[in-house]
Amino acid sequence: MKRFGKFAFIMIFAACFFVQKSAIAQDPLKVAPKAFKEKLNNAHVNVLEYASKPGEKEAMHSHPAILIYVIKGGKLKSTTPDGKSQMIEYKDGDIAWREPITHTIENVGTTEIKALLIETKK
């Protein structure tokens with residue numbers, strides 16, 4: 001029984017490690033540092049600059065509720081962990097509100113997309 005207790009402890013520890021690691025892996029700054037640059041981070045918001053050239057794809061990442069200001073528009077494909085995809089087309093100057101999301105993003109258009117993402121904090 002003692003052996004089982006040690007084994008169970010090791011398995012629980014390993015599970016916690018992998019859960020924590022996957023949560024960290026969903027930070028856009030960590031999984032896609034080429035696309036996302038932090039411009040401001042305070043107690044109220046985190047402002048990210050986003051840039052993506054045609055054909056570029058960002059790994060799975062998460063955002064809290066977010067305000068998007070599109071500097072240079074284009075066409076994106078957003079895919080959630082359950083495999084559902086949607087096409088999103090932004091024009092220069094668009095402003096959009098998004099609820100929290102975990103997704104991958106791919107620039108499927110012909111132009112470089114640039115935007116500011118203002119992530120809210122509670």
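Residues numbered from 1 in each chain as written. Predicted model: local features only at pLDDT ≥ 70, side-chain atom pairs only at ≥ 80, totals over all residues. Heavy atoms only, no water.

Asker: Before we move on, could you go through the pairing of strand 2 (residues 45–52) and cite the residues and values that matter?
Answerer: Note: strand 1 (residues 36–41) against strand 2, 5 bridges, orientation antiparallel. If you follow Lys 37 over to strand 2, its bridge partner there is Glu 49. In textbook terms, the turn of a hairpin is the stretch between consecutive antiparallel strands, and for strand 1 and strand 2 this stretch comprises 3 residues. Bridge count for strand 2 against strand 9 (residues 113–120) is 8 bridges, and the pairing is antiparallel. Each residue of the ladder has a partner; that of Ala 51, found in strand 9, is Lys 114. (Pairing = 2+ DSSP bridges. Helix = DSSP H or I, 4+ residues; strand = E, 2+ residues; numbered from the N terminus.)

Asker: Residues and numbers for the nonpolar core, please.
Answerer: Membership of the largest hydrophobic core comes to 16 residues, with the highest contact counts inside it found for Ala 35, Phe 36, Tyr 50, Ile 68, Leu 76, Tyr 90 and Leu 117. Counting only elements with at least two residues in this core, the list comes to strand 2, strand 4 (66–72), strand 6 (85–90) and strand 9. Sequence-distant contacts of Phe 36, that is, excluding residues within four places in its chain, are made with Pro 28, Leu 29, Leu 48, Glu 49, Tyr 50, Glu 58, His 61, His 63 and Leu 117. (Core = buried A, V, L, I, M, F, W, Y, C linked by side-chain atoms within 4.5 Å. Buried < 20%, exposed > 50% of the residue type's maximum accessible area, 1.4 Å probe, protein only. Contact = heavy atoms within 4.5 Å.)

Asker: Report on the sheet that holds strand 6, specifying residues and quantitative values.
Answerer: The 4 strands are arranged 3-8-5-6 in an open sheet whose pairing can be described as antiparallel. The open sheet terminates on both sides in strands that have one partner only, identified here as strand 3 (57–63) and strand 6. Ignoring strand direction, the axes of neighbouring strands in this sheet form an average angle of 30 degrees. Bridge analysis of strand 5 (residues 74–79) against strand 8 (residues 101–107) gives 4 bridges, and the strand direction is antiparallel. (Axes fitted to C-alpha atoms, helices over the stretch in contact; angles between N-to-C directions.)

These figures come from the coordinates and say nothing about function on their own.
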